[in-house]
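Listed below are the residues making up each chain.
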Amino acid sequence: MTPDMLTARQAGLVLCEACGLLSRPAHREEPGYCPRCGEELTFRRHNAIQRTWALIIAAAICYLPANILPVMTTSTLGSVEEDTIISGVVLLYMTGSWHLALIVLIASVMIPLAKLIALAYLLITVQRGSIRRNRDRARLYRLVEFIGRWSMLDVFVATFVVALIQLQPLMAVLPGTGVLFFAAVVVLTIVAAESFDPRLIWDSSQGRLDQDD
Amino acid sequence: MAKSRERDPVTSLPENLIACPDCDLLQRIPSLRPGGKARCPRCGKVVAVHKPDSLDRTLALTVTAAIAFIVANVMPLMGLSAVGRTASTTIIGGAQEMWAQGERITALLVGFCVVVAPAVQIGFMLAVLLAVRRFPAPSWAGTLLRWSEIHQPWAMVEVMMLGVLVSLVKIAELAEVIPGIGMFAVGALIFLLAAMTVVFDPEEVWERVRWANSEGPRASASMDEAGGEEATR
């Protein structure tokens, strides 16, 4: 890394996260408000590490009931059938649309889990002051940010199946409690990704650079 | 690097100096060709894109998106017929049925992600683009732009579309499914929303907005506009 790698914070400058204006606050401790858009200025997002940990722990707790509890309950004359996310995937596979089964499996089961693992990995490496594979970790964070919304897929599937199959008394589909937990996982991981500050990934290598000077 | 400790927090800085939003590295933006991109040399984040004629192109797309959004919400999304009975649903009808079945929080979340968030994103963007046709634009244009951007990650029209397709396959074995006009409007809307984010350059709006501290915008912003090309000295 070259010595002219200077961050805005080291130069006493702060980037407004709302409008992207770079400005020089009068006081380092209290950067105050952006002169252009009036948003509060911070060098780093407030309590990013604690907030992100809290949110992913909450999401991990919800992940279990989301996968165990039924998301849909189908009642036909006399019989009641409960579907979890996994059994929904199996059902799609059995009826011949294996590519849709794969999409649902990836979006509903693998992406939320991968997001939790990825964010925990980023938090642990940041807290340990790691300076290795910074670029890969930055790329991982951007991927987590981009991909999170697709986990919402199963919530929409349940919503529209429930909305259409209301042919009482012949057949009706009711939403199960699993949907609520599943939606909670998706929302919590999206908010968790937003509360993490990717600049923290680079701060430890920057600190090392300062010591070398 | 300007080391001066002047009172003005901004004008002492070189105009093309920026900090990478993902790694905080200070860097200068080179002058870009139309369509050209600049990436952060350290973390690879795209830090600048020269988008020619951004405001007018985005306005055209936003107006079209608003029309597609209205059609998508008014017309039925899909219908089905089974054992001599028919049913159909609109987008909001899905959320309503969830509410009626007792899953109220999920219903509100679905309503927010497929109706409220896209409506705010499109509606506020439209207001911003109309407001910045005047120079300097009122500072509320900046506030609305911020609101539009906050809602963007929660506007999940394309995820909903995939969810609708999956539910169609699930239902197809139970009943005959008829795609509605709303479905085609949603398809158009997905394309238009994606095109809006590709074409839109928020910096062009911020350059025209009256500053919160009532000192800006800098006069050079209006000159950039007249010159068309990125001014490099």
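Owing to the predicted nature of the structure, the values given are computational and were not obtained by experimental measurement. (Residues numbered from 1 in each chain as written. Chains lettered and ligands numbered in written order. Predicted model: local features only at pLDDT ≥ 70, side-chain atom pairs only at ≥ 80, totals over all residues.)

S.K.: Any chance you could explain the overall build of chain B here in plain terms?
M.R.: The helix and strand inventory of chain B stands at eight helices and seven strands. Taking all 233 residues of chain B together, 37% fall into the buried category. Once local pairs closer than 6 in sequence are excluded, the contacts in chain B between residues at least 24 apart make up 58%. (Helix = DSSP H or I, 4+ residues; strand = E, 2+ residues; numbered from the N terminus. Buried ≥ 20, exposed ≤ 12 C-beta atoms within 10 Å, placed from the backbone. Contact = placed C-beta atoms within 7 Å.)

S.K.: How do you make sense of the packing of helix α2 (residues 91-100) of chain B against helix α3 (residues 104-131) of chain B when you look at a structure like this?
M.R.: Axes are the key here: two packed helices are described by the angle between their axes and the distance separating the axes. Residues and elements named next belong to chain B. The geometry of α2 relative to α3 is characterised by a closest axis approach of 7 Å and an angle of 170 degrees between their N-to-C directions. It follows that α2 is roughly antiparallel to α3 by the angle criterion. Of the two possible hands of crossing, α2 and α3 adopt the one that is left-handed. Residues I91, I92, G94, A95, M98 and W99 of α2 touch α3, and the partners they reach there are R104, T106, A107, V110, G111, V114 and V115. The residue inventory of the contact of α2 with α3, partitioned by class, reads nine nonpolar, three polar and one charged. (Axes fitted to C-alpha atoms, helices over the stretch in contact; angles between N-to-C directions. Parallel < 35°, antiparallel > 145°, perpendicular 65-115°, else oblique. Left-handed = near helix turned anticlockwise from the far one by under 90°. Nonpolar A, V, L, I, M, F, W, Y, C, P; charged D, E, K, R; others polar.)

S.K.: Mind showing me how you'd approach the interface of chain A and chain B here?
M.R.: Many structure descriptions define interface size as the accessible area lost when the parts assemble. In this assembly, 57 residues from chain A lie in contact with 58 residues from chain B. At the level of secondary structure, the elements contributing two or more residues to the side of chain A that touches chain B comprise β2 (22-23), α3 (98-127), α4 (134-147), α5 (153-164), β5 (166-167), β6 (171-175), α6 (178-195) and α7 (199-212) of chain A. No other element matches the 10 residues that α5 of chain A contributes to the side of chain A that touches chain B. The class makeup of the residues in the side of chain A that touches chain B is 42 nonpolar, eight polar and seven charged.

S.K.: What's the story with the pairing of strand β5 (residues 78-82) of chain B in this structure? I'm lost.
M.R.: In the case of a regular strand, side chains alternate between the two sheet surfaces. Residue and element names in this part refer to chain B. For β5 and strand β6 (residues 85-89), the ladder comprises five bridges, and the chain directions are antiparallel. Opposite L80, over in β6, you have A87 as the bridge partner. Taken together, β5 and the strand that follows it, β6, pair antiparallel across an intervening segment of two residues, in which V83 is found at a positive phi of about 40 degrees. Examined bridge by bridge, β5 and strand β7 (residues 176-179) share four bridges and lie antiparallel to one another. The residue of β7 that forms the bridge with M78 is P179. (Pairing = 2+ DSSP bridges.)

S.K.: Any chance you could explain the sheet that holds β5 of chain B here in plain terms?
M.R.: Two strands in a sheet stick together by hydrogen bonds in their backbones, pointing the same way (parallel) or opposite ways (antiparallel). Residues and elements named next belong to chain B. Spatially, the three strands line up as an open sheet ordered β6-β5-β7, and their pairing is antiparallel. Because the sheet does not close on itself, it has two edges, and the strands there are β6 and β7. Mean inter-strand twist for the sheet, computed between neighbouring axes without regard to direction, equals 20 degrees.

S.K.: Just checking my understanding: could you explain unusual backbone geometry for this structure?
M.R.: One can expect most non-glycine residues to show negative phi and most peptide bonds to be in trans. Omega for the peptide link from F135 of chain B to P136 of chain B comes to -5 degrees, which places this bond in the cis form. Considering the arrangement of structural elements, one finds P136 of chain B in the loop between α3 and α4 (140-151). Unusually for a residue other than glycine, R133 of chain A sits at a positive phi of about 50 degrees. Within the fold, R133 of chain A resides in the loop between α3 and α4.

S.K.: Looking at this structure, how should I read the environment of A185 of chain B?
M.R.: Residue and element names in this part refer to chain B. Relative to the elements of secondary structure, A185 occurs in helix α6 (residues 181-199). On the basis of neighbour counts, which here come to 21 C-beta atoms within 10 Å, the residue A185 falls in the buried class. On a C-alpha basis, the gap between A185 and A212 in space is 39 Å, while along the polypeptide they are 27 residues apart. The contact partners of A185, leaving out residues within four places of it in the chain, are A68, V71, A72 and M75.

S.K.: Whenever I open this one, the sheet that holds β5 of chain A confuses me. Can you help?
M.R.: Residue and element names in this part refer to chain A. Pairing in this open sheet of four strands is antiparallel, and the strands run β4-β3-β6-β5 from one edge to the other. Each having just a single partner strand, β4 (79-83) and β5 make up the two edges of the open sheet. Across five bridges, strand β3 (residues 72-76) lies against β4 in antiparallel orientation. By the bridge assignment for β4, T73 is matched with E82.

S.K.: Even after reading the chapter, I still don't get the confidence of the model for chain A, so can you show me in this structure?
M.R.: Detailed conclusions should not be drawn from predicted coordinates in areas where pLDDT is low. Summary statistics for chain A give a mean pLDDT of 89 and a share of 95% for residues scoring 70 or more. Looking at the elements of chain A, mean pLDDT is at its lowest for α7 of chain A, recorded as 74, and at its highest for helix α1 (residues 48-68) of chain A, recorded as 95. (pLDDT = per-residue confidence, 0-100.)

S.K.: Explain the nonpolar core here, please?
M.R.: By size, the foremost hydrophobic cluster in this structure holds 123 residues, and its most contacted members are F156, F182 and V185 of chain A together with L189 of chain B. Broken down by element, this core gets its largest block of residues, 13 residues, from α6 of chain A. The contacts of V185 of chain A, once residues within four sequence positions are left out, are A59, C62, Y63, A66 and P112 of chain A. (Core = buried A, V, L, I, M, F, W, Y, C linked by C-beta atoms within 7 Å.)

S.K.: Sorry, what's going on with the packing of helix α1 (residues 54-74) of chain B against α3 of chain B here?
M.R.: Residues and elements named next belong to chain B. Two elements in contact, α1 and α3, have axes separated by 9 Å at closest approach and are oriented at 145 degrees. Considering the relative orientation of α1 and α3, their crossing is left-handed. In this structure, α1 contributes L55, T58, L59, T62, V63, A65, A66, F69 and N73 to the contact, and α3 contributes V115, P118, A119, I122, M125, L126 and L129. Taken together, the residues of the contact of α1 with α3 break down into 13 nonpolar, three polar and no charged.

S.K.: Even after reading the chapter, I still don't get the domain arrangement of chain A, so can you show me in this structure?
M.R.: Examined at the domain level, chain A breaks down into domain 1 (1-43) and domain 2 (47-212). The centre of domain 1 of chain A, based on its C-alpha atoms, is set 33 Å off from the matching centre of domain 2 of chain A. (Domains from an automatic or database assignment.)

S.K.: Can you walk me through α6 of chain A in this structure?
M.R.: Helical geometry note: an α-helix holds 3.6 residues per turn, so side chains three or four residues apart project in the same direction. For α6 of chain A, with 18 residues, the first-to-last C-alpha span of 26 Å sits near the 26 Å given by 1.5 Å per residue. Among the 18 residues that make up α6 of chain A, 16 are buried, leaving the element largely enclosed by the rest of the structure. (Expected span 1.5 Å × (residues − 1).)

S.K.: Help me understand the environment of I181 of chain B, please; the structure alone is not making it clear to me.
M.R.: Residue and element names in this part refer to chain B. Relative to the assigned elements, I181 resides in helix α6. Under the C-beta neighbour-count criterion, I181 is labelled partly exposed, with 14 such atoms within 10 Å. Distance in space between the C-alpha atoms of I181 and I150 is 29 Å, their sequence separation being 31 residues.

S.K.: Help me understand helix α2 (residues 85-94) of chain A in this model?
M.R.: Of the residues making up α2 of chain A, those classed as buried are I85, G88, V89 and L92 of chain A. Around the axis of α2 of chain A, the buried residues are gathered within 100 degrees of arc, so they sit on the same side. Against the buried residues of α2 of chain A lie α1, β4, α3, α5 and α6 of chain A together with α5 (157-172) of chain B. A positive backbone phi angle near 100 degrees is found at G96 of chain A, which sits one or two residues after α2 of chain A. (Arc of directions from axis to C-beta.)

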